[in-house]
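In case you want the letters, here they are:
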2 protein chains.
Amino acid sequence: MSITVVGSVAYDSIETPAGRRERCLGGAATYFSLAASFFTDVRVIAVVGDDFGPEQEAIFKARNIDTRGIEHAPGRCFLWEGSYLDDINQAKTHLTELNVFACFEPKIPAAYADSDFLFLANIDPVLQRRVRESMPGVKLVAGDTMNYWIKDHRPALLEVLKGLDVLLINDAEARMLAANNNLVQAARAVMALGPRFLVVKHGEYGATLFHSSGKGRAGDRTFRAPAMPLEAVIDPTGAGDSFAGGFFGYLASQPEPTPGAFRCAMFYGSVMGSFACERFGTERLQQLTRAEIDERFHVFRELTHLD
Amino acid sequence: MSITVVGSVAYDSIETPAGRRERCLGGAATYFSLAASFFTDVRVIAVVGDDFGPEQEAIFKARNIDTRGIEHAPGRCFLWEGSYLDDINQAKTHLTELNVFACFEPKIPAAYADSDFLFLANIDPVLQRRVRESMPGVKLVAGDTMNYWIKDHRPALLEVLKGLDVLLINDAEARMLAANNNLVQAARAVMALGPRFLVVKHGEYGATLFHSSGKGRAGDRTFRAPAMPLEAVIDPTGAGDSFAGGFFGYLASQPEPTPGAFRCAMFYGSVMGSFACERFGTERLQQLTRAEIDERFHVFRELTHLD
């Protein structure tokens, strides 16, 4: 089944203890699409500037990603500059230039209308909602958000949450959204806002899926996927979006989103997140093969299973 | 197989968001013994003061723990006062009174000499080493330590590490001991100091076992056990020691410490740690049944296994 993703396609200038890269192709929609493309057909909706040319387009094309929804606008791409020097798990933002992203009005190509799954990457919830409403036929909708929207755009975000099947956020975002420091209580509160499935990402400690058995309280079923103990985290940029791409891409590749498929999707999410960290920017995702993905899936199973 | 544990038997005055308790029976050896007692015979070496009477002794006796190695000295028991008000995962110490513990000279009862396993809980590494050397016949030795010993008593600690089969520490301690922020690199560095098995505890995110395949580099095999997503952490005091008790107790209950036994031991460690948090002090461990433990083991399997 095909996935449409709406989000940022951007440039990142990144410094980590492993080195520095200027203007890597990045953005949530880029990482998501590359990761998901190993599992299913992906279609992107984004806006880029004059500094996005055939070379960048080729990165998507090499993975058979449909780029007809990438709008070219006069100006420059979204630019983020950040570092992970003090703490590899915590980005420090030095500069954010919205550029063409400031006036982003997502337009959905007619060819995307029959998409089965929709992923609303971390953008203004007003835009997320508009895209969601423009694609009423999708079977499963997942989304991401961040502290800025939770804190300063809560009413718009709450409207988005009502229309989500799956929300993927990190620990701090879950606690902030629920105003509750206990993860289980926070998860229940977040699920009461709409999503039937909640994935809380714990960075190097993996991720937890909360869902409902239908018999007990919301979020009474949990599943925990590990993260890969990595000897060297070169660049964690995009790991969360790559998790989302692996997770949702795998789910879209399955005949039905059964509980078992969700469990495997959590593992594939962790697998893709772990690969993303192994090189700067999207370098590792660009070079990856499906065989490597399945091999690491097997490693994750070994890492967690008793027998 | 029987375990001898040496460590603190103490009183804790604890404040958490769930309330306050004055002078609960605590200490690493207490939590460890109670947790391990569900799996095997446990013998304690510790020192207590005049404020430790038959009522406290009964807590050990109820779990068939051998207390002949608990020395009664004039004075008062070790006392710790702390709170977890800002962050349930981070204890804030208000007061530490060593009391009789200041002059602790572990004495090993003759009846303990045939113990199969030895656990050196978090005490002065000079004492840990002395106990280790006094029990040359044990088959497997595990130990714990803390930032204070790592920072200010490093040479003595390094001597202890040489004699350990298993070291159980938390993330921050592993990184501090190795002077390396990457967990995999830190684990390898710590294992080069002696222990063939390293358990790194991640608090609410579970724990990772590092060991060696014998084919690659030290610590090239990993196993990750989850922690239980708990709706209410009443009091995390002793969770790490309860983990150690469940882990080592289960291992001692098995005919051989095989890789498979170590994996199950990680799960039982997490199980016991999760129970410890559900009530103040040792309350939950005192009321626990083996059936509840195995039921939670099953929940942990469900939480992590794909099928």
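Residues numbered from 1 in each chain as written. Chains lettered and ligands numbered in written order. Predicted model: local features only at pLDDT ≥ 70, side-chain atom pairs only at ≥ 80, totals over all residues. Heavy atoms only, no water.

Asks: Looking at this structure, how should I read the overall build of chain A?
Replies: Within chain A, the regular secondary structure consists of eleven helices and 13 strands. Its C-alpha atoms give chain A a radius of gyration of 18 Å, within 12% of the compact-globule value 19 Å for 307 residues. Within the structure as shown, chain A displays about 11900 Å² of accessible surface, and the carbon and sulfur contribution to it stands at 50%. Charged side chains of chain A number 31 positive and 38 negative; the gap between the two group centres comes to 7 Å. (Helix = DSSP H or I, 4+ residues; strand = E, 2+ residues; numbered from the N terminus. Rg over C-alpha atoms; globule rule 2.2 N^0.38 Å. Areas by Shrake-Rupley, 256 points an atom, 1.4 Å probe, with all protein chains shown as cover. Lys, Arg positive; Asp, Glu negative; His and termini not counted. Charge placed at Lys NZ, Arg CZ, Asp CG, Glu CD.)

Asks: How should the relation of the copies chain A and chain B be read in this particular structure?
Replies: Applying a rotation about an axis and a shift along it to one chain copy brings it onto the other copy. Overlay of chain A on chain B (RMSD 0.0 Å): rotation 180°, translation along the axis 0.0 Å. Expressed as a symmetry operation, the mapping of one chain copy onto the other fits a two-fold axis. (Least-squares fit on C-alpha atoms with pLDDT ≥ 70 in both.)

Asks: Looking at this structure, how should I read the sheet that holds strand 2 (residues 10–16) of chain A?
Replies: The strands making up a sheet are joined through hydrogen bonds of the backbone, oriented either antiparallel or parallel. All names here are of chain A. Reading across from one edge, 3-2-6-7 is the order of the four strands in this open sheet, with mixed pairing throughout. Since the sheet does not close on itself, it has two edges, and those belong to strand 3 (19–26) and strand 7 (92–97), each with one partner. Averaged over all adjacent pairs, the angle separating strand axes in this sheet is 15°, with direction ignored. The pairing of strand 2 with strand 3 spans six bridges and is antiparallel. Counterpart to T16 in the pairing with strand 3 is G19. (Pairing = 2+ DSSP bridges. Axes fitted to C-alpha atoms, helices over the stretch in contact; angles between N-to-C directions.)

Asks: Explain the sheet that holds strand 4 (residues 42–48) of chain B to me, please; I cannot follow it from the model alone.
Replies: All names here are of chain B. Taken in spatial order, the nine strands make up an open sheet running 5-4-1-8-9-10-11-12-13, and their pairing is mixed. This sheet does not close on itself; its edge strands, each paired only once, are strand 5 (66–72) and strand 13 (221–225). Here the average twist between neighbouring strands, direction ignored, is 15°. For strand 12 (residues 207–211) and strand 13, the ladder comprises five bridges, and the chain directions are antiparallel. Each residue of the ladder has a partner; that of H211, found in strand 13, is R221. Each of strand 4 and strand 5 touches helix 2 (residues 54–61); the most contacted strand, strand 5, lies at about 150° to it. (Contact = heavy atoms within 4.5 Å.)

Purely geometric numbers; function is a separate question.
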